[in-house]
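Listed below are the residues making up each chain.
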Amino acid sequence: MEFIESSNTGAKTGGKSAPTFDFVSMARFVLKRWWVVALAAALSSMLAFVYITETYKPVYTSGATFVVSTSGTTASVYSNLSTASSLAGVLSQLLNSDVLRAKIAQQTDIASFDGSISAELVPDTNILVLTVTADSPRAAFEMADAIVKNHGVITESVIGNTVLDMLRMPSVPVGASNPMGRASRIKRVALIAAAAAIVLLAVISYMSDTVKTPAEVPEKIDAPLIASIYHERKRRTLASRFKRKKTSILITGAATSFGFVETVKKIRTKVEYRCAKTGAKAIVITSVQENEGKSTVAVNLALALAQAGKRTLLLDADFIKPAVNKIIEQKVSTNRELASHLMHSSPLKEHVFKEPVTGLFMLLNRRARSDSGDLVSSKEFAELLRKVREMFDYVIIDTPPFAVASDAESVCELADAALIVVRQGASRTSSINDVVDTINACGCDMIGCVFNNVYASVTGGESVRAGYGRYGYGYPRGYGRKHGYGYGYGYGGSGNNTMEE
């Protein structure tokens, strides 16, 4: 499996890079905002409904049909056709004359005749169709009937020996001759609005200053690319999809893909190499905003280090919305939380959990706390990090996102190194680089960037991979909400193992 990585560790000195076209990222951006498309279609449909209803003016058509012939017994079919052809245009003008309109108005007892009159010849025949259009069925019929009865007033002196024989008398129209067509017009407007919304969202995605592909990381981010973690479904079995049951993405899980496991091992190798050069032990795993996957990356990196025989402690320093205990399905009582140790100075070994298979040690939290800032900036927390550095080869620290609170910055001031998790298309490039600058300013070694939940691009050339869940990493349904990581791929331990003395 090939991953795109970067060896560029220098800061970006150029201007803002040109937008990158990536169809998959663009499509996902639009699909995640399907409600915008639906809202645009719905609003446009309502406006179209109101406009069509208010502006629609029905018209009704009545008429009569005449057979045109030439008087006299010697008239031929040809002369009848010729007469009808020449009469059609003249008759339309005559029937629309002011004289006839005044006569019709008088006959129908109306102030004026505002309808339209036309006379058309049926092709290749001597049949003339008279049509009257008005704004009501009654008016259309009465006007057509009045024309039939009074057209001789002005036509006899013009058409001479031409005879108009009635073939069909006028009738009252039963419906409008210009149907509203509201349903079809509204559908058309809705489709146009939806298409416009999709195009607008696509343009916004294209122009957004986010990281869309692994190749963009060295171009936009002031940190090297450690690895790209590709999207993998959380519901991998038919039963789990039917039950809509989510499972944690862990390298110890039976259903976790080989590609994911190998990527985590690659991250472990690079972290070990960097820490061997700098002597770092306490490593912060953080992100710009929530739901980028930092907690799952932290858990799996700690597991990978423990599997490699390294004495490793996973420390959940996210006191705002703890997630690690849900990812690993470890029940944590109130008196065994990390916060309890910091507040009451109880023996550390009473708060440490040990995973029986890999030997990973864990300091966890269960409840959200409003005094999280005080806890991470306390002398007790600093003393804790000092102690665990001496006791373990590696201390992996999960923190809140930088955009949520200043806790992550406080932890970075005490830690040795940091990894930033960047979810594809999530955070703005400027925000990511601000976090990188803050970490560097804290004196914490920036190991690099883990590009997370990547969907393979049809244009970028990345290898197609199965991915990391419908909702990505971290907390699937929002930061720290109730429905956290899954069931069935936890550790299965009793939670009673404590730290070895």
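Basis of the calculations
Every residue gets a number counted from 1 within its own chain, in the order that chain's sequence is written. In keeping with the model being predicted, local features are shown solely for residues with a pLDDT of at least 70 and side-chain atom pairs are shown and tallied solely at 80 or more, while totals for entire chains, interfaces and linings include all residues. Hydrogens are left out, water is left out, and the side-chain values use all remaining heavy atoms of the structure. Each helix corresponds to a stretch of at least 4 residues labelled H or I by DSSP, and each strand to a stretch of at least 2 residues labelled E; elements are numbered beginning at the N terminus. Burial classes: relative accessible area under 20% of the type maximum marks a residue as buried, over 50% as exposed, and values in between as partly exposed (1.4 Å probe, protein chains only). Any two residues whose heavy atoms approach within 4.5 Å are treated as being in contact. Accessible surface area values rest on a Shrake-Rupley calculation with a 1.4 Å probe, where residue burial reflects the displayed protein chains alone. Remark: nonpolar core denotes a set of buried residues (Ala, Val, Leu, Ile, Met, Phe, Trp, Tyr, Cys) joined through side-chain atoms within 4.5 Å. Two strands make a pair as long as DSSP finds a minimum of two bridges between them. In this analysis, axes come from line fits to C-alpha atoms, helices being fitted only over the stretch in contact, and the angle between any two N-to-C directions falls in the range 0 to 180 degrees. Each patch is assembled from residues with relative accessible area greater than 30% and no salt bridge, linking like charges that lie within 9 Å and nonpolar side chains (Val, Leu, Ile, Met, Phe, Trp, Tyr) that lie within 5 Å. In what follows, salt bridge is the name for a side-chain nitrogen of Lys or Arg lying within 4 Å of a carboxyl oxygen of Asp or Glu. Paired rings are identified among Phe, Tyr and Trp, the last through its six-membered ring, by centres lying within 6.5 Å, and are further divided according to the angle between planes into stacked (under 30 degrees), edge-to-face (over 60) and tilted (the rest). We call a charge positioned over a ring when the NZ of a Lys or the CZ of an Arg lies within 6 Å of the ring centre and within 35 degrees of the ring normal.

(A) Looking closely at the overall build of the chain. For the chain, the count of helices and strands is 17 helices and twelve strands. Across the 501 residues of the chain, 50% fall into the buried class. In the chain, of all internal contacts separated by at least 6 residues, the share reaching a separation of at least 24 is 80%. Of the accessible surface of the chain, which amounts to about 23,400 Å², a share of 55% is contributed by carbon and sulfur atoms.

(B) Region of interest: the nonpolar core. Counting 47 residues, the largest nonpolar core has Leu-315, Leu-384, Ile-397 and Ile-420 as the members making the most contacts within it. In contact with Ile-397, not counting residues within four places along its chain, are Ala-282, Ile-283, Val-284, Ile-285, Leu-315, Ala-317, Leu-385, Val-411 and Ala-415.

(C) Looking closely at the sheet that holds strand S11 (residues 417-423). A sheet is described by the order of its strands in space; here eight strands give the open sequence S5-S12-S11-S6-S10-S7-S9-S8, paired in mixed fashion. Each having just a single partner strand, strand S5 (225-230) and strand S8 (352-354) make up the two edges of the open sheet. Direction aside, the axes of adjacent strands within the sheet are offset by 20° on average. Taken together, the four bridges between S5 and strand S12 (residues 445-454) define a ladder with parallel strand orientation. Note on S12: the bridge partner recorded for Ser-228 is Phe-451. Strands in contact with helix H10 (residues 258-278) are S5, strand S6 (282-287), strand S10 (394-398), S11 and S12; relative to S5, the strand with the most contacts, it is inclined by about 165°.

(D) View of the environment of Pro-218. Structurally, Pro-218 can be placed in helix H8 (residues 217-220). Once the C-alpha coordinates of Pro-218 and Cys-449 are considered, the two residues, 231 residues apart in sequence, prove to be 9.7 Å apart.

(E) Main features of a nonpolar patch on the surface. Taken together, the side chains of Trp-34, Trp-35, Leu-39, Leu-43 and Met-46 define a hydrophobic patch exposed on the protein surface, amounting to about 590 Å² of accessible area. Tracing the sequence through the fold places Met-46 in helix H2 (residues 34-55).

(F) Up close: the packing of aromatic side chains. Tallied over the full model, the rule gives one aromatic pair. The aromatic ring of Phe-29 is capped on one face by Arg-33, whose charged end is 3.7 Å from the ring centroid. The ring of Phe-353 carries the charged tip of Arg-336 above its face, separated from the ring centre by 3.9 Å.

(G) Representation of the pairing of S10 in the model. Within S10, five of the five residues are buried, leaving the element largely enclosed by the surrounding structure. Relative to S10, S6 runs parallel, the two being bridged by four bridges. Bridge pairing links Val-284 to Ile-397 in S10.

(H) Expanded view of the environment of Pro-322. Looking at the secondary structure, you find Pro-322 in the loop between strand S7 (312-316) and helix H12 (324-327). On the basis of relative accessible area, Pro-322 is assigned to the buried category, the value being 4%. For the pair Pro-322 and Leu-364, spaced 42 residues apart in sequence, the C-alpha to C-alpha distance is 8.0 Å.

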